[in-house]
Amino acid sequence: MAGVSSESLKAAQQALEAKLPTAPLSLAEELFGILGLLDSNAGLRRALTDPAREGSDKAALIGKLLGPTVSTDAKAIAEGLAASRWRQPRDLGDALETLAATVAIGVAESKGVDGLEGLERDLFAFIRVVAADHALQRALVDPQAPVEAKTALALRLVPNAGPEAQVLIRQAVSAPRGHKPADLVERFVELVAKRQQRWIANVSVTRPLTQEQIKRLQAGLNALYGRELRINVNVDPSLVGGVRVQVGDEVVDASVIARLTELRRKLAG
C-alpha cells in the first residue's frame, strides 16, 4: 500500500488508538465481518473508493448498508475508511483487515506485554504446525471443504490458543484473501511485533549504568509513557555523552552528538 492509501491507513490507525484501550474483541470480529461484505461485492468496493464521489456520500452509503447490525464503533470505523481516499479498491479492504487485526492485538495488549507475547506464541505455534505438514496445508485451502470445517481444523491445531489468536487464525483460514492462511497469520505476527515495540525502551548510553541508575531510568520512563516498559541498555561510545531512548517509533535523543548535529544544522541554515 502506497501513496494516498498509505496516508489514509495511517490516519485511520491514529483514530483507532483512542478506541483501543476499551475495545472488546467483538469489535475485531465485526470489522472482519464488514471486510467480508466488501470482498463479496466488487461494485460496493468501487463505489466506496470512487475518487469522483464525496467522502461524506461514501460514508453515508456504507453506514446505510450496515444499519443497526453492527456496533457504533464498528460503523464509525467503516464510515471513516469509506470517507478516505484510496489508490485502488483493494486497498480499502487491506486497511480494514489491518484495523480489525489491530483491535484483536490491542485486546491482548490490554493484558500487558505478556498478553502480546502470549498472542505471538499462539500464532507462531499455528505457523509451525502448518509448515511441517503438507497435507494440512492442502486441507486448509481446499476449495471443496466447508469453511466451518477448515476453521475447526485450524483451531484444533492450537488447542491452547487464547481468544485473540483464535479470532485471527479463524479469519486467516476463512478469508485468506488470496494468501495462504499461514502467510496471513505471519502478517498478523508482524503487527504484533510492531505493537510490542511500544513496550520496549532501547536506551543507548556512553558507559554502563549502575543498577540504581537503571532503576531511576525505569521509573522515569514508566511515568512518561504510562506503562511498565522493558529496558534494553546498549553502550555506544559514539554518542560522546548523554542518552538516547527509543520506544517504538518515538526517539528522545539527549546525546552530545545529537546536540552537535543540531548545532551544525542551524549554522548551515
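Model, not experiment: these values are computed from the prediction. Sequence order as written defines residue numbering, which begins from 1 separately in each chain. Local features in this predicted model are restricted to residues whose pLDDT is 70 or higher, and side-chain atom pairs enter the listing and the counts only when it is 80 or higher, whereas totals over whole chains, interfaces and linings include all residues. Heavy atoms throughout the structure, all of them, feed into the side-chain values; hydrogens and water do not.

Colleague: For the pattern of salt bridges, give the residues involved together with the corresponding values.
Modeller: Where charged atoms of side chains with opposite charge meet at close range, the side chains can pair. We define a salt bridge as a side-chain nitrogen of Lys or Arg found within 4 Å of a carboxyl oxygen belonging to Asp or Glu. On inspection of all chains with the given rule, the structure shows twelve salt bridges. With its nearest N and O atoms 2.7 Å apart, the salt bridge here joins Arg195 to Glu17. With Arg195 in helix H11 (residues 181-196) and Glu17 in helix H1 (residues 3-17), this pair connects stretches of sequence that are 178 residues apart. Taking the relative accessible area as the measure of exposure, Arg195 reaches 10% and is therefore buried. Secondary structure elements are taken from DSSP: a helix is a run of H or I of four residues or more, a strand is a run of E of two residues or more, and numbering for both begins at the N terminus. Only protein chains enter the area calculation, which uses a 1.4 Å probe; residues under 20% of their type maximum are buried, those over 50% are exposed, and those in between are partly exposed.

Colleague: Can you lay out the environment of Leu44 for me, pointing to particular residues and giving the numbers?
Modeller: Along the chain, Leu44 turns up in helix H3 (residues 42-48). By relative accessible area, Leu44 is classed as buried at 7%. C-alpha separation for the pair Leu44 and Pro89, spaced 45 residues apart in sequence, amounts to 9.3 Å. By definition, residues are in contact when any of their heavy atoms lie within 4.5 Å. The contact partners of Leu44, leaving out residues within four places of it in the chain, are Leu37, Leu38, Leu61 and Leu65.

Colleague: Which residues make up the packing of helix H4 (residues 55-66) against helix H5 (residues 72-83), and what are the values?
Modeller: At their nearest, the axes of H4 and H5 sit 7 Å apart, and the two run at 145° to each other. When you trace H4 past H5, the crossing you get is right-handed. The segment H4 lies against H5, with Gly55, Lys58, Ala59, Ile62, Gly63 and Leu66 engaging Lys75, Ala78, Glu79, Ala82 and Ala83. Taken together, the residues that form the contact of H4 with H5 break down as six nonpolar, two polar and three charged. Here, axes are lines fitted to C-alpha atoms. For helices the fit covers the stretch in contact, and angles between N-to-C directions go from 0 to 180 degrees. Each crossing gets its handedness from the near helix: less than a right angle anticlockwise from the far helix is left-handed, clockwise is right-handed. The nonpolar class holds Ala, Val, Leu, Ile, Met, Phe, Trp, Tyr, Cys and Pro. Asp, Glu, Lys and Arg form the charged class, and all remaining residues, Gly among them, are polar.

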